[in-house]
Amino acid sequence: MDISVVVPFHNEEDHLEGCIDALRKLDYPRERREIVMVDNNSTDRSVEIVRARPEVRLLSESRPGDFAARNRGIGSSTGEIVAFTDSDTAPRADWLHRIAEVMEDPEVMVVVGALRFGDGGGVMSWLAEYEAEKNRFIFSGEVPEIYYGYTCNMAVRRSVFNELGPFPEVFRNSDAVLVRKIVDHYSFGAAAYGEDVVVHRLEVADFVSYLRKQHTYGRDLGRYGEVANARPLNTAERLEVFRRTARRGRFG
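Residues numbered from 1 in each chain as written. Predicted model: local features only at pLDDT ≥ 70, side-chain atom pairs only at ≥ 80, totals over all residues. Heavy atoms only, no water.

**Student:** Is there a simple way to explain unusual backbone geometry in this structure?
**Tutor:** What is expected of a backbone is that most residues other than glycine have negative phi and most peptide bonds are trans. Unusually for a residue other than glycine, Asn11 sits at a positive phi of about 50°. Within the secondary structure layout, Asn11 lies in the loop between strand E1 (3–9) and helix H1 (16–24). For Asn11, a relative accessible area of 30% translates into the label partly exposed. In this structure, Asn41 takes a positive phi of about 70° despite not being glycine. In this fold, Asn41 is placed in the loop between strand E2 (33–39) and helix H2 (46–51). (Helix = DSSP H or I, 4+ residues; strand = E, 2+ residues; numbered from the N terminus. Buried < 20%, exposed > 50% of the residue type's maximum accessible area, 1.4 Å probe, protein only.)

**Student:** When you look at the side chain of Asn135 in this model, what are you seeing that I'm missing?
**Tutor:** Its place among the elements puts Asn135 in helix H5 (residues 122–139). If we skip the residues at most four places from it in the chain, Asn135 touches Gly113, Tyr148, Tyr150 and Tyr193. (Contact = heavy atoms within 4.5 Å.)

**Student:** In this structure, what is going on with the environment of Gly65? I would like to understand it.
**Tutor:** Residue placement: Gly65 occurs in the loop between strand E3 (57–60) and helix H3 (66–76). Gly65 sits in the buried class, given a relative accessible area of 5%. Separated by 23 residues in sequence, Gly65 and Asp88 have C-alpha atoms that sit 16 Å apart.

**Student:** Can you walk me through the packing of aromatic side chains in this structure?
**Tutor:** Aromatic ring pairs: the centre-centre distance and the angle between the two ring planes describe each pair. Taken as a whole and judged by the stated rule, the model has eleven aromatic pairs. Centre to centre, the rings of Trp126 and Tyr130 are 6.0 Å apart; their planes meet at 10°, and the pair counts as stacked. In this pair, Trp126 and Tyr130 are both assigned in helix H5, four residues apart and thus about one turn of the helix distant. For Trp126, a relative accessible area of 21% translates into the label partly exposed. You can call Tyr130 buried: its relative accessible area is 11%. Through a chain of ring-to-ring contacts, three or more aromatic side chains come together here, namely Phe139, Tyr147, Tyr148, Tyr150, Phe188 and Tyr193. (Phe/Tyr/Trp six-rings, centres within 6.5 Å; stacked < 30°, edge-to-face > 60°.)

This is the structure in structure tokens:
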């Protein structure tokens, strides 16, 4: 299947090289993939960095917001699957192959992948295992209010955008709102967690940066929670995820 990769960016000169290098190393057939990067009003060297890479198609979107940049990329791409990642993220070489494997199931409309942090050792490894177990818990259940998504590692069938429209005009968390729309419109089985669909978060290098990112997510939930009728995991659900993480990873 043909896959378009859409990456928005805004002043990401510190991470863009790492992101583009990872995208260049994707082992999916070149004739079946395209890489589209969308500048969203950068004022640093980001555009210069992307323009120097001929294998990447550069677009621009003046309307501020990730949702606007991603929608610009969707409209200008051609793949039957649209894969999303962030400019501070490095997908694993088999990323697109793994997405294609999950999408072989015609019932799956969106796949949310796994995240890795830091150097992959110590507490960061444990946090990655917790996040993975949390996703297994959410995407195997039938509680629509806790379904969510993140476009640093997500892929959607183009037919979904044709039927449900582009990303909602929410300044942050339009990805989570879209996943809820997909679940509500199709079924719980339309949203899948791909634990082998892996990207590395370049900006989350240590425990402090992880906590900072989680704080941002928690703050944003208050903004989109009512729009999407969404809620975070409650205490009992988090404890269950914690127990499953310890049991699966044989942590003390």
